[in-house]
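Coordinate analysis (summary)
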Amino acid sequence: MKPFLLLSFTFFFSYASIAQQVHVADQSIYQATPDKIHNMVHTKVEVRFDYTQSRMPGKAWITLAPHFYATDSLTLDAKGMDIRQVAIVKAGKNIPLKYSYDNMELKIKLDKKYTRNERYTIYVDYVAKPDEYKGKGSAAITDAKGLYFINPRGEEEGKPTQIWTQGETEATSVWVPVIDNPNQKTTQEIIMTVPSKYVTLSNGKLVSQKPNADGTRTDHWKMDLPHAPYLFFMGVGDYAVIKDQYKGKEVSYYVEKEYASVARKIFGLTPEMLGFFSRITGVEYPWNKYAQMTARDYVSGAMENTTATLHSDIVQQDARQLTDQNIWEDVIAHEAFHQWFGNIVTTESWSNLSLNESFANYSEYLWREHKYGKDAADDHGLSDMQGYLGSRSESKDLIRFNYHDKEEMFDAVSYNKGGRILHMLRNFIGDSAFFKSLNLYLTKYRFQAAEAHQLRLAFEEVTGKDLNWFFNQWYFGAGHPKLNIQKQYISNTGSVRMIVEQTQGEPVFQVPVAVDVWNGLTAQRYTVWLKNKTDTFFFPATAAPSLVNFDAEKVLLSQRTEHKTTEEYVFQYRNSKNYIDRREALDSAFARLDNNLAIQLVLNALRDPYAGLRTYAITKLDMGNDHLKVAAEPLLFEIAQREKNRLTKAAAIAKLGTYRNNKYANLFRTAVNDSSYTVAGNALEALSRVDSADAANEAKRLSAFPSKGRLASVIRSLLSSNDRSGADQMLSDFEKLPFGQEKFAALQGLFEFLVSTSQLDQFKRGVDALMAFQDQVPAAYKEQIGPALTEALRELQKEKIANGQQAFADYIELKLKNA
């Protein structure tokens, strides 16, 4: 069953990546950095919430000053509001001003012409109507109405009533009039009046709480340090608030009350993260607190609102889920590092978005490297690189000023590619210079907006190197090297000739590359520069090397075609300490299972010191290779019994299940009660292969207890396979879902049902639903999703043949043939 689980997750995450590729109808539009006519100085907002109409009456006091030129007019972004009054505050009195409003911009005629040395305060009385505003979101942030009322009237059973905001990219102006550009910075006060049963969260410090006679309470939050308007935040709801601290500053976790007992298991590494990021940047966490809140129906994954990060409720995992791993830890690190990159120094325009997102992306690597070691970091880095390479975004510059819509910037280029570029730069200049440069950038542009050239200048000032060549090709250029690498030992000259051809077309990249030439068990490192369409290098060697390892640190963002023998890959696996080297050697072995050396390499990988690679090796095992299948069986049994890593143990149990050997039934029965949902779920599915009646009984017993994740999915699958009405309902639900992430998530359960069902008519309906799903896929995504779906159906076909269900397999063949 495990292959189908992995494939459905692959579908889901592939969709999350490729959905970021927005079709660009017109790339000729130059997107200039917004002019700064005025500078916001301070923003004060008083609000109440109308839960019956999902509206928010508000009053705003915005203090500004002309940026340079004197001016007698002001334009504020104010989207979809009712404007009741606009005035200028003079000696504590509101003096009405003339204005015009087109439902998007509030154009105000000031009482006089103000110079850059004069501040003034505008007062706006308004009503925000977010549910009546039709804003355009993106794949990364799926809506743009700024202010969200979740179950405001309590009509949805089981869903809490919440209010939260999402400002990025320019949606804060749906709930407060501002100059909604990332190059603005302002201090802030938010005063919220809410039902007294709820807690609130906003940026900065809670300076006062005042109970009111009508059963409400007024909370006053104050932000003394300036930040960008898109980082403004309000959150309201019935939360448990769990408090930690970092160097005397409050670190708090706002979770739904049922998760209070595990809040520290979910978020508890946050103080360590703040300390780690302070240390490597040399810039101490500057804000007066750090809070994290969860949100139902959230329109993104998480958002780094200054001092008040908001997370999707996916972050809320119970203790058994956390036994496997905290699936959200990378995100928690990502948003925490934004408090430096994005919040202390902010991109001046969405064209420069990667100044925020590349650093947040790379923080995930840095955190894993610090906390779990280099293998874990390189594993994550490889996944990020593959996400970029699979996104078909080679034509996009990292910093790009020509795009159709700002939402297009939230893609695998700004995030994944940007993070990999930082990794290359770190490797090129060295750790000390890299982190010193980050310190200079953060210090020099503290509480300001910046662009990529300023980042380059910080690196140049520290290193003394001209880095235009690096930034021009990686920041202001597109694509990546595609390399064909060939080598030959020349005995009469005692040298190795390496020819490296760049096959990607234009541009030709200029990059330094480390090459290790192995003589026996000793490696000699050389650094060469790729500069031409074809480069030829010679390395001294008294004998034919055991291995010539190109890009020995595996830092280059590239696609490589190499021509290594199985013996060379075996040597690479045994002697390299680099995760990616071992992973590449393992992948080569899976492609050469007709070679006994390759089979032995795979078996060795089952004992790799890094659990992630052990798990990968297990899931990739080809059970169609009889030699490998026999040799791997005792190793899998040992891993299933003794492995401490729960995901590796779960993978071994799932693979053992494919042997259909009743001697493992007791192992499976025991593991069904494991604290890990993944181990228990895989064990239950494996048990169904050797004792279907016992597995059905176990599923019925376990269904009486709460479960999630893999276990819940297998229980549903086994129960529905014996319950026609339940299966029909599941199929109907899947058929009705539109193309999107929810349908991708539902694929897992559908595949598991198709594996376990013995009802041919329902099986056919399920396969038909998958084929209809393939028809739903937009043309831009078919090239990626189509082959993955076909592969999954082929695996399902093999499973049905192994089960003796030839009619089921024949139906798949028919559907694929006619597709």
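Bear in mind the structure is a predicted one, so any value in this text is a computation, not a measurement. (Residues numbered from 1 in each chain as written. Predicted model: local features only at pLDDT ≥ 70, side-chain atom pairs only at ≥ 80, totals over all residues. Heavy atoms only, no water.)

This paragraph deals with empty space enclosed by the protein. Evaluated as defined, the whole model comprises 3 cavities of 30 Å³ or more. Lining the largest cavity we find Tyr365, Asp378, Gly381, Leu382, Met385, Arg420, His423, Lys554, Val555, Leu556, Leu557 and Ile580. Taken together, the elements giving at least two residues each to the lining of the largest cavity come down to α7 (374-389) and α8 (413-429). Tallied by class, residues from the lining of the largest cavity come to 7 nonpolar, 2 polar and 3 charged. Approximately 50 Å³ is the volume found for the second largest cavity. Taken together, Ile485, Gln486, Lys487, Met498, Val548, Glu562 and His563 make up the lining of the second largest cavity. (1 Å grid on protein atoms, 1.4 Å probe; cavity = no way out; pocket = protein on both sides within 12 Å on 5 of 7 lines; lining within 4 Å. Points joined across faces, edges and corners; volume = space filled by probe spheres on them. Helix = DSSP H or I, 4+ residues; strand = E, 2+ residues; numbered from the N terminus. Nonpolar A, V, L, I, M, F, W, Y, C, P; charged D, E, K, R; others polar.)

So, on to the packing of aromatic side chains. This model, assessed by the stated rule, comprises 44 aromatic pairs. Here the aromatic rings of Phe49 and Phe149 are separated by 6.2 Å at their centres, their planes lie at 75°, and the arrangement is edge-to-face. Of this pair, Phe49 sits in the loop between β1 (38-48) and β2 (56-66) while Phe149 sits in strand β9 (residues 147-150); the two residues are 100 residues apart in sequence, bridging distant segments of the chain. A single burial state applies to Phe49 and to Phe149, both of which are buried. (Phe/Tyr/Trp six-rings, centres within 6.5 Å; stacked < 30°, edge-to-face > 60°. Buried < 20%, exposed > 50% of the residue type's maximum accessible area, 1.4 Å probe, protein only.)

Let's shift gears to the packing of helix α3 (residues 270-281) against helix α6 (residues 354-372). Viewed as axis vectors pointing N to C, α3 and α6 meet at an angle of 105°, and their least axial separation amounts to 11 Å. Between α3 and α6, the angle falls in the class roughly perpendicular. Residue-level inspection shows Glu272, Met273, Phe276, Phe277, Arg279 and Ile280 of α3 in contact with α6, the latter providing Ser363, Leu366, Trp367, His370 and Lys371. Residues that form the contact of α3 with α6 fall into these classes: 6 nonpolar, 2 polar and 3 charged. (Axes fitted to C-alpha atoms, helices over the stretch in contact; angles between N-to-C directions. Parallel < 35°, antiparallel > 145°, perpendicular 65-115°, else oblique. Contact = heavy atoms within 4.5 Å.)

On to the environment of Ala544. With respect to the element layout, Ala544 can be found in the loop between β27 (534-540) and β28 (547-550). When the C-alpha positions of Ala544 and Gln488 are compared, they lie 8.8 Å apart, and in sequence the two are 56 residues distant.

Across a sheet, paired strands are connected by hydrogen bonds in the backbone, their directions being either parallel or antiparallel. Pairing within the open sheet is antiparallel, and its 3 strands lie in the order β26-β25-β28. In the strand order of this sheet, the two ends are held by β26 (522-530) and β28, each with one partner. In this sheet, adjacent strand axes meet at a mean angle of 20° when their direction is disregarded. Relative to β28, strand β25 (residues 511-519) runs antiparallel, the two sharing 4 bridges. When the bridges of β28 are listed, Asp516 appears paired with Asn549. (Pairing = 2+ DSSP bridges.)

Bringing the environment of Lys655 into the picture now. Here Lys655 shows up in helix α17 (residues 646-657). For Lys655, a relative accessible area of 6% puts it in the buried group. Between the C-alpha atom of Lys655 and that of Ser546, which follows or precedes it by 109 residues, the distance is 34 Å. The contacts of Lys655, once residues within four sequence positions are left out, are Ile618, Thr619, Leu621, Met623 and Leu636.

It is worth spelling out the sheet that holds strand β3 (residues 71-77) at this point. Spatially, β3-β7-β6 is the arrangement adopted by the 3 strands of the open sheet, whose pairing is antiparallel. Looking at strand neighbours, the two that pair on one side only are β3 and β6 (98-101), the edges of this open sheet. If you compare each strand with its neighbour and ignore which way they point, the axes differ by 25° on average. Here β6 runs beside strand β7 (residues 105-114); their pairing, made up of 4 bridges, is antiparallel. Within the sheet, the bridge partner assigned to Lys98 lies in β7 and is Lys109.

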